[in-house]
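What follows is the residue order along each chain.
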Amino acid sequence: AYDLGVSLIGVEGQESDIGYISTSTTLALLNSNWPVVLDGGIGSAPAITDIDNDEDNEVIAATFSGSVFIVETDGSATKIYDSEYLLSGIAIGHVHPSSTRDEIVVSGWDYDAVDGKNGVVIVLKWNVIGGWAATEIEASSGGDQRIHEYLTVPVLFNADNSEGLEIALRTF
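Overview of the structure. (Residues numbered from 1 in each chain as written. Predicted model: local features only at pLDDT ≥ 70, side-chain atom pairs only at ≥ 80, totals over all residues. Heavy atoms only, no water.)

Right, let's get into the overall build of the chain. Per the secondary structure count, the chain includes 1 helix and 12 strands. When the elements of the chain are put in sequence order from the N terminus, they spell out β-β-α-β-β-β-β-β-β-β-β-β-β. For the chain, the residues scored as buried account for 42% of the 172 residues in total. Taking the intrachain contacts of the chain between residues at least 6 apart in sequence as the baseline, contacts between residues at least 24 apart amount to 44%. About 9100 Å² of surface is accessible on the chain, with carbon and sulfur atoms providing 48% of the total. (Helix = DSSP H or I, 4+ residues; strand = E, 2+ residues; numbered from the N terminus. Buried < 20%, exposed > 50% of the residue type's maximum accessible area, 1.4 Å probe, protein only. Contact = heavy atoms within 4.5 Å. Areas by Shrake-Rupley, 256 points an atom, 1.4 Å probe, with all protein chains shown as cover.)

In most cases, non-glycine residues show a negative phi, while peptide bonds are predominantly trans. One non-glycine residue, Asn53, adopts positive backbone phi at about 60°. For Asn53, the location among the structural elements is in the loop between β3 (47–49) and β4 (58–62). Positive phi, normally seen in glycine, also occurs at Asn161, with a value near 60°. Relative to the elements of secondary structure, Asn161 occurs in the loop between β11 (155–157) and β12 (166–168).

In total, this model carries 2 aromatic pairs according to the counting rule given. Ring geometry for Trp126 and Trp132: centres 5.5 Å apart, planes at 70°, overall edge-to-face. For Trp126, a relative accessible area of 24% puts it in the partly exposed group. By relative accessible area, Trp132 is classed as buried at 15%. (Phe/Tyr/Trp six-rings, centres within 6.5 Å; stacked < 30°, edge-to-face > 60°.)

The nonpolar side chains of a soluble globular protein tend to be buried, and buried together. Counting residues in each nonpolar core, the largest one holds 17 residues, and the members touching the most others are Ile60, Val68, Ile80, Ile104 and Leu124. Broken down by secondary-structure element, the contributors of at least two residues to this core are β4, β5 (67–71), β6 (77–82), β7 (86–93), β8 (103–112) and β9 (116–127). The greatest single-element share of this core, amounting to 3 residues, is contributed by β9. Not counting residues up to four positions away in its chain, the partners in contact with Leu124 are Val68, Ile80, Tyr81, Glu103, Ile104, Trp132, Ala133 and Ala134. Core analysis: the second largest hydrophobic core is formed by 6 residues, Ala91, Val105, Val121 and Val123 among them. (Core = buried A, V, L, I, M, F, W, Y, C linked by side-chain atoms within 4.5 Å.)

As a further point, take the environment of Gly131. Summarising the element assignment, Gly131 is placed in strand β10 (residues 131–138). Here Gly131 falls in the buried class, since its relative accessible area comes to 14%. In the structure, Gly131 is positioned 51 residues away from Ile80 in sequence and 8.5 Å away in space, judged by C-alpha atoms. Contacts of Gly131, omitting those with residues within four sequence positions, involve Lys125 and Trp126.

Okay, the side chain of Ser83 next. As for its position among the elements, Ser83 is in the loop between β6 and β7. For Ser83, a relative accessible area of 15% gives the class buried. A distance of 3.1 Å separates the side chain of Ser83 from the backbone nitrogen of Tyr85, its partner in a polar contact. Every residue in contact with Ser83, bar those within four places of it in the chain, is listed here: Ser65, Gly66, Ile122 and Glu136. (Polar contact = N/O pair within 3.5 Å; in protein donor to acceptor, adjacent residues only side chain to side chain.)

So, on to the environment of Leu86. Mapping Leu86 onto the fold places it in strand β7. Placed 20 residues apart in sequence, Leu86 and Gly66 show a C-alpha to C-alpha distance of 4.9 Å. Excluding residues that lie within four positions of it along the chain, Leu86 makes contacts with Thr63, Phe64, Ser107, Gly108, Trp109 and Asp110.

Following this line, the structure appears as structure tokens:
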């Protein structure tokens, strides 16, 4: 088994915190297409998990350019989501109990000259027919889903002993 640290480096040279992989399959990372170049800068460490249930860990990364990528151990990257938001924090877990895979939860924001900063949480859920589908929860959406405009990395936890995980964010 190998322990390998993975970080993201933005187009302007800023480096994220390190996400760690501990698996016997990571030796391929040392002899493949790494480093992987993604669009935009980065806001947090990548998430590392077996998101597609193929028994190999993937690196899940969100960028300030509004993209979410899945990077395989061989270095091949697939953009699964593209938005107008600057994305930063990322978490992985079962938010919807009916989901067959973990969901990807991303926090981000945009800036409008009139409205100012607007926060968003995006939940990406796997759909066998259409692939990754997104639900965007905006700060201006109202109701009990209110999100402040300054967000941190999402934290997923079971707050109410239900089957799905809740999303918690530190806002300021």
